[in-house]
Amino acid sequence: MGRRNSDIFAPQRERRGLVWTVIALMLLAAMIAVGLFLNQASNQRVALSTEKVAVMGLDKAYEGFSILHLSDLHASTVGSDPALWRELLYGKSYHAIVLSGDMVGATGNDEPLLSLVHALGQVKPDVPIYFIAGDEDPTPVISTPQGSAEVLAPWVRALQKKGAIYLDAPVAQQVGKKTVWFVPQYLYDMNPESMVESLTTQIAEMEALGRQYEAEGGAVYRALKYRLDAMQRTQEAIRQMTDADLQIAVNHSPLEPSYIRTSLEWADQTQVFNFRQIDLLLCGDLCGGQWRLPGVGPVYLPERGFFPGDSNVVGMQRINSINQYISPGLGACRANPLPGRLMNPPGATLLRFTGKIE
């Protein structure tokens, strides 16, 4: 009899167990849905963080000089609302804005970036905006036929019309009687004199063959002339630089620590313009890892694998004498197989120079 009673109640226990399993799955699905909703909501806002840039022996004239650093918009509309920036930057002091690449991204849609630059210009119209191209941005300098004599890509020209400054050579900004230079980082790896000589030779060879009048040759010729002009502007900027100037380098991808150490070792310290003179290196590219877990950091990064940690991924990295800051980014890179941003709200950073070493 006991055995038959057990058989009678078994289906009821199984049904109750099934009901509880369904309830648990429904609760889990609801939690995931709420989490995704909250994540989506957080991705529509921008988190503003602040960082100190400690420079030993910093001239008092540069104390408090501040930069608003943005990167990797990837044509996201997150920064298009002027009200967002007015609220975020209300009462904040900064003297320059730097966009470190992949702001347009692989789609080639420059409208969100133009909206962002317009919004930033409304908050502080007199603050200069500097920008470089990233590896997913459309090529900034065009060397192929396009039906016009323009050398710079449409998105670059559109930004310039908005007043933004394309960094293809060092650009000076006055701070009282002192000077801050914003420099594309790759120039520290070049010899401008050798580049001018090489470009001049290439241009002369094309002219001797009359190739500048061909469709393809003309596009290449115009690009060479543009690069020659950029190198000549670089030469002139270097002649104006002094040891008292601040040098801020901008690169899209973070530099590896080994590369930085080697560059420091080989820097020609007899020259004012050399790698050791970099006071701050601004980078982006990695979008903070895109998918992050609290207390763990990035879940996955191409070429670095799973759970690589935050070293050389996001935030301030002090490598020997170089301050390298890596932006958390505003959008998401398509090269990462994990789409979008998870537990990783878009971020902007205010970097403030100080001579106070803590």
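Residues numbered from 1 in each chain as written. Predicted model: local features only at pLDDT ≥ 70, side-chain atom pairs only at ≥ 80, totals over all residues. Heavy atoms only, no water.

Moving on, we come to the overall build of the protein chain. Looking only at helices and strands, one finds seven helices and 16 strands in the protein chain. Split into buried and exposed, the 358 residues of the protein chain put 46% on the buried side. Residue pairs in contact within the protein chain that sit at least 24 positions apart in sequence constitute 77% of those at least 6 positions apart. Approximately 18,300 Å² of the protein chain is accessible, and the part contributed by carbon and sulfur atoms is 56%. (Helix = DSSP H or I, 4+ residues; strand = E, 2+ residues; numbered from the N terminus. Buried < 20%, exposed > 50% of the residue type's maximum accessible area, 1.4 Å probe, protein only. Contact = heavy atoms within 4.5 Å. Areas by Shrake-Rupley, 256 points an atom, 1.4 Å probe, with all protein chains shown as cover.)

The predicted model of the protein chain has a mean per-residue pLDDT of 88, with 88% of residues at 70 or higher. Confidence drops under a pLDDT of 50 for residues 30–38, and excluding neighbours within four residues, the segment shows zero contacts in the predicted structure. (pLDDT = per-residue confidence, 0-100.)

Judged by nonpolar contacts, the single largest core of 39 residues is most densely connected at Leu-68, Leu-70, Trp-85, Leu-99, Leu-113, Leu-116 and Leu-120. When contributions to this core are tallied by element, the ones reaching two or more residues are β2 (66–70), α2 (82–88), β3 (96–99), α3 (111–123), β4 (129–131), α4 (154–161), α6 (215–240) and β16 (347–354). No other element matches the six residues that α3 contributes to this core. Once residues within four sequence positions are removed from consideration, Leu-70 is found in contact with Trp-85, Val-98, Leu-99, Ser-100, Leu-116, Leu-120, Ser-327, Leu-330 and Ala-348. Counting residues in hydrophobic clusters, the runner-up holds 26 residues, among them Trp-181, Val-183, Leu-224 and Ile-322. (Core = buried A, V, L, I, M, F, W, Y, C linked by side-chain atoms within 4.5 Å.)

Another point: the sheet that holds strand β7 (residues 178–184). Taken in spatial order, the six strands line up as β6-β7-β8-β9-β15-β14 in an open sheet, and their pairing is mixed. Of all strands in the sheet, those bounded by a partner on one side alone are β6 (171–175) and β14 (315–319). Taken over all neighbouring pairs, the strand axes of this sheet differ in orientation by 20° on average, direction set aside. Here three bridges tie strand β9 (residues 278–283) to strand β15 (residues 322–326), and the two strands are oriented parallel to one another. Bridged to Cys-283 within β15 is Ile-326. Of the strands in this sheet, β14 and β15 are in contact with helix α7 (residues 257–266), which crosses β14 at around 45°. (Pairing = 2+ DSSP bridges. Axes fitted to C-alpha atoms, helices over the stretch in contact; angles between N-to-C directions.)

Tallied over the full model, the rule gives eight salt bridges. The salt bridge involving Glu-150 is made with Arg-157; its shortest N-O contact spans 3.8 Å. Judged by its relative accessible area of 38%, Glu-150 falls in the partly exposed class. Notably, a salt bridge pairs Arg-233 with Asp-168, separated by 2.9 Å at the nearest N-O pair. Pair noted here: Arg-233 is in helix α6 and Asp-168 is in the loop between β5 (165–166) and β6, with a separation of 65 residues, a long-range link. In this structure Asp-168 comes out as buried when scored by relative accessible area, which is 7%. Linked through salt bridges whose partners overlap, the residues forming this network are Asp-168, Asp-229 and Arg-233. (Salt bridge = Lys/Arg side-chain N within 4 Å of Asp/Glu carboxyl O.)

Next up on the list: the sheet that holds β16. Read across the sheet, six strands follow the order β1-β16-β2-β3-β4-β5 without closing on themselves; strand pairing throughout is mixed. For this open sheet the edge positions go to β1 (47–54) and β5, each flanked by a neighbour on one side alone. For β3 and β4, the ladder comprises three bridges, and the chain directions are parallel. Residue pairing across strands places Ile-97 opposite Ile-129, the latter belonging to β4.

On to the packing of aromatic side chains. All chains considered together, the criterion is met by eight aromatic pairs. An angle of 20° between the planes, with centres 4.2 Å apart, marks the rings of Tyr-130 and Phe-182 as stacked. Of the two residues, Tyr-130 sits in strand β4 while Phe-182 sits in strand β7, which places them 52 residues apart along the sequence. The exposure class assigned to Phe-182 is buried, which follows from its relative accessible area of 0%. Aromatic pair Tyr-188 and Phe-275: ring centres 6.4 Å apart, planes at 80°, arrangement edge-to-face. With Tyr-188 in the loop between β7 and α5 (192–209) and Phe-275 in the loop between α7 and β9, this pair connects stretches of sequence that are 87 residues apart. Tyr-188 gets classed as buried once you look at its relative accessible area, which sits at 11%. On the basis of relative accessibility, which here comes to 3%, the residue Phe-275 falls in the buried class. Counting every residue linked through ring pairs, the aromatic cluster contains Phe-131, Trp-155 and Tyr-166. A cation over an aromatic ring shows up here: Lys-124 above the ring of Tyr-94, its NZ or CZ 5.3 Å from the ring centre. (Phe/Tyr/Trp six-rings, centres within 6.5 Å; stacked < 30°, edge-to-face > 60°. Lys NZ or Arg CZ within 6 Å of the ring centre and 35° of its normal.)

Sheet analysis places β14 next to β15, joined by five bridges and oriented antiparallel. When the bridges of β15 are listed, Arg-318 appears paired with Asn-323. Linking two consecutive strands that pair antiparallel, namely β14 and β15, is a turn of two residues; a positive phi of about 55° is found at Asn-320 within it.

Now for the side chain of His-74. Position of His-74 among the secondary structure elements: in the loop between β2 and α2. Overall, the relative accessible area of 12% leaves His-74 in the buried class. In this view, His-74 contacts Asp-102, Met-103, Val-104, Gly-105, Glu-136, Cys-287, Gly-331, Ala-332 and Cys-333; residues no more than four positions away in its chain are not counted.

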